[in-house]
Amino acid sequence: MTCPDKPGRLLNWFLCSLCVPRVCKLWSSRGPRTRRNLLLGTACAIYLGFLVSQVGRASLRHRPAAGKGPHQRPDTAEAPFPEIPLDGTLAPPEAQDNGTTLLPNVVYITLRSKRSKPANIRGTVKPKRRKKYAGASPAPALEALGGPSLQPQQGAAGAADAEVPGYVQRGNLANVGESSWRLVRGPGARVGGSDFQLAQAPESNIRIYSESAPSWLSKEDIRRMRLLADGAVAGFQPVSSKSQARLLVLEGSSAGSVPGCGASPCGLVKQPLDMSEVFAFHLDRILGLNRTLPSVSRRAEFTQDGRPCPVILWDPSLSPTSNETHSSVKLTWGAYQRLLKQKCWQNGRAPRPEWGCTAVHHHEWSKMALFDFLLQIYNRLDTNCCGFKPRKEDTCVQNGLRPRCDNQDSVALAHIIQRKHDPRHLVFIDNKGFFDRSEDNLNFKLLEGIKEFPESAVSVLKSQHLRQKLLQSLFLDKVYWESQGGRQGIEKLIDVIEQRAKILLTYINAHGAKVLPMNE
C-alpha cells in the first residue's frame, strides 16, 4: 500500500483504519449492543458509504482519459477541464489510431474588429504612396490604361508612407504638398520584373488627388486652369503701350493681333503684386457668384526675374470698353444710386425709360458690392478713394484723384463689364484685393445703396466653413500656395476675409438688409 500524498486522502485513510475494525468488532462480538456502540457503528457506516460514492465518481471521470492512450499527459487528469489548457492557449487536435483527429469539445468565438470606413480623400489630400506589384504577366487592364493617374516620384524617401489626414479642416492640412507627385498619363504600363511603372508626364501645377475637384469648381474651370497653368507658350506680347499686362499666347492659338487669340484661349499675365487675383477667383466660386474669369499662378519663365505671376483667362466674348473707364456700361455714382432704387429688371419687370436703367440686372450690383467689400476692391465703385484713407501706393493717389471727393455724383464708375451675348450679367475683372487694410479703415461706401444681398454668399459666410473651403480650393494651385508661404501664409489671408465677413454680417443685420436668392 502506498502512502497518500494529499492531506484529505491521509485523513480518509486514518478514519477508515479506525472505523472498519471497530464496526467489525461490534457486529461480530456477542456482547450487549449498547446505544453508544450502535450510534458509533451507524456513523461509521454512513461515512463508508459516502467514501464509496466518491470513489465511484472519480473512476467514471478518469475512465475516458485513460482511453486516450500514450498521448495523454499525466497532469491533465488533475485538471477540472482537461480539454482546455490552463495557460490560456489552445492545443492542436489530437490524432487517433485510425488516422482521424479528435476535436476538443470547445466552442471557438472569433471577435471581429470593426472595419474602419475608407478614407474620404478630398481634392486637397494626397493618397498614401503604395508600391504596386504584378505577376509574371501583366493584367489586361494595365495594358489598356488610358486615363490620368497619380504616381509619386521615386526617391530616397519613397519607402515611407506619408500620413494623410482624412478631412481638410483647420489644423489638418499641415505639411500637405511637401513631397513631390507627378500626374501620369499614358496608354500603358512598362513591366520590369515583379513591379511596374506607369509612363510619367510633366508634373501639373493644378494638383487634384481625388476623383473629382471641389464642387464649387466646374469641369470647365478645371480645364481652363490646367490650360493656363501648364499650357505650352507659343507667343508673348504686350496688350497695349500703357498697360504693364501682357498677353500669353498658348500653343495652338493663332498669334494674331490683340485680342485676336483664335479659337484657343489666351492668358493675360499681370504683375506679381496682383497675385490677389487668384484668391479672388477662388473666393468668387466658393460664394456661388461665378462672375470672375479663371485665374492661376504661373512661374514666369518668360520674364527676367522668374517670379510667379497671375495669369487670367482672356475672354473674347466681353463687350468692348472705353479707354477712360474700361467699362462697357457708362455710369456715374449718382446715376448708379438712382438705378439701385428702381430695382431694374427684378422679377422680370421691364424698366421704364425715365428710370435710367441699364441692361444690367439689379441683383448684379448686390453681388459686386459684397465681393468688393470682402476684398476691399475700390477701382470699380470708388475710383477716387473717397470711402477710406488711401496710401501712397494706391492708384487714386498716384493719379491725383484723391482730392476730387466734393462732387462724387459726377465720378464715373470703372471696370463695369458685360458679355456681348449676355448683357444682363456682369463680369468681374481687375480684382486686385487688399488684405492689409485695417478694420477701422474699411471702405463702407462700397455698400451704399445696397438693400439686398445674395443668399448663396451669405449662407457660406454664416456656415463657418469659409476657411475650410478656401484652404481646399487654394491648395489646388501649387504655385500660388507656395508663393504665399504655404499654409501659414494662406491662413493669414483667410483671417482677414473671415473678420471682414463678420463685419459684413453685422452690417446686414444693423441696416435691415434682405437676403434673397439670386439665381436668376
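To keep things clear, this report deals only with the structure shown in the data block. (Residues numbered from 1 in each chain as written. Predicted model: local features only at pLDDT ≥ 70, side-chain atom pairs only at ≥ 80, totals over all residues. Heavy atoms only, no water.)

Take the overall build of the protein next. When its secondary structure is counted, the protein shows 12 helices and 15 strands. With 520 residues in all, the protein has 39% of them scored as buried. When contacts within the protein are restricted to residue pairs at least 6 apart in sequence, long-range pairs at least 24 apart make up 68% of them. Working note: accessible area of the protein is about 30900 Å², and carbon and sulfur atoms make up 54% of it. (Helix = DSSP H or I, 4+ residues; strand = E, 2+ residues; numbered from the N terminus. Buried < 20%, exposed > 50% of the residue type's maximum accessible area, 1.4 Å probe, protein only. Contact = heavy atoms within 4.5 Å. Areas by Shrake-Rupley, 256 points an atom, 1.4 Å probe, with all protein chains shown as cover.)

A few words on the pairing of strand E8 (residues 246-250). Of all five residues that make up E8, four are buried, and the element is covered over most of its length. Where strand E7 (residues 233-238) lies against E8, five bridges are found, and the strand directions are antiparallel. Bridged to Gln237 within E8 is Leu247. (Pairing = 2+ DSSP bridges.)

Scanning the entire structure with this criterion turns up three disulfides. The partner cysteine of Cys344 in its disulfide is Cys357, sulfur to sulfur 1.8 Å. Of note, the bridge from Cys344 to Cys357 carries an S-S torsion of about -70° and is left-handed in sense. Of this pair, Cys344 sits in the loop between helix H6 (333-342) and helix H7 (362-375) while Cys357 sits in the loop between H6 and H7; the two residues are 13 residues apart in sequence, bridging distant segments of the chain. Here Cys385 connects covalently by a disulfide to Cys396, the sulfurs 1.9 Å from one another. Disulfide Cys385 to Cys396: torsion about the S-S bond roughly -110°, handedness left-handed. Taken as a pair, Cys385 in the loop between H7 and helix H8 (395-398) and Cys396 in helix H8 lie far apart in primary sequence, 11 residues in all. (Disulfide = S-S within 2.5 Å.)

Before going further, it helps to examine the packing of aromatic side chains. According to the stated counting rule, one finds nine aromatic pairs in the structure shown. Three or more aromatic residues link up through ring pairs in this structure, and these residues are Trp333, Tyr336 and Trp365. A cation over a ring is seen here: Lys445 above Trp333, with NZ or CZ 4.6 Å from the ring centre. (Phe/Tyr/Trp six-rings, centres within 6.5 Å; stacked < 30°, edge-to-face > 60°. Lys NZ or Arg CZ within 6 Å of the ring centre and 35° of its normal.)

This part takes up the sheet that holds E8. Judged by pairing direction, the sheet is antiparallel, and its five strands sit side by side in the order E7-E8-E9-E11-E10 without closing on themselves. The strands lining the two open edges of the sheet, one partner per strand, are E7 and strand E10 (295-299). For this sheet, the mean angle separating the axes of adjacent strands, direction not counted, is 35°. Pairing analysis gives four bridges linking strand E9 (residues 266-269) to strand E11 (residues 308-314), with the strands arranged antiparallel. Bridging from a neighbouring strand, Cys266 pairs with Trp314 of E11. (Axes fitted to C-alpha atoms, helices over the stretch in contact; angles between N-to-C directions.)

Grouped together as the largest cluster of nonpolar side chains are 78 residues, with contacts concentrated most on Phe279, Leu283, Leu287, Trp365, Leu375, Phe453 and Leu504. By residue number, the principal contributor to this core is helix H12 (residues 486-511), which donates 10 residues. (Core = buried A, V, L, I, M, F, W, Y, C linked by side-chain atoms within 4.5 Å.)

Turning our attention to unusual backbone geometry. In the Ramachandran plot, Trp345 falls in the positive-phi region, its phi being about 65° despite a non-glycine side chain. Mapping Trp345 onto the fold places it in the loop between H6 and H7. Unlike most non-glycine residues, Gln464 shows phi in positive territory, near 65°.

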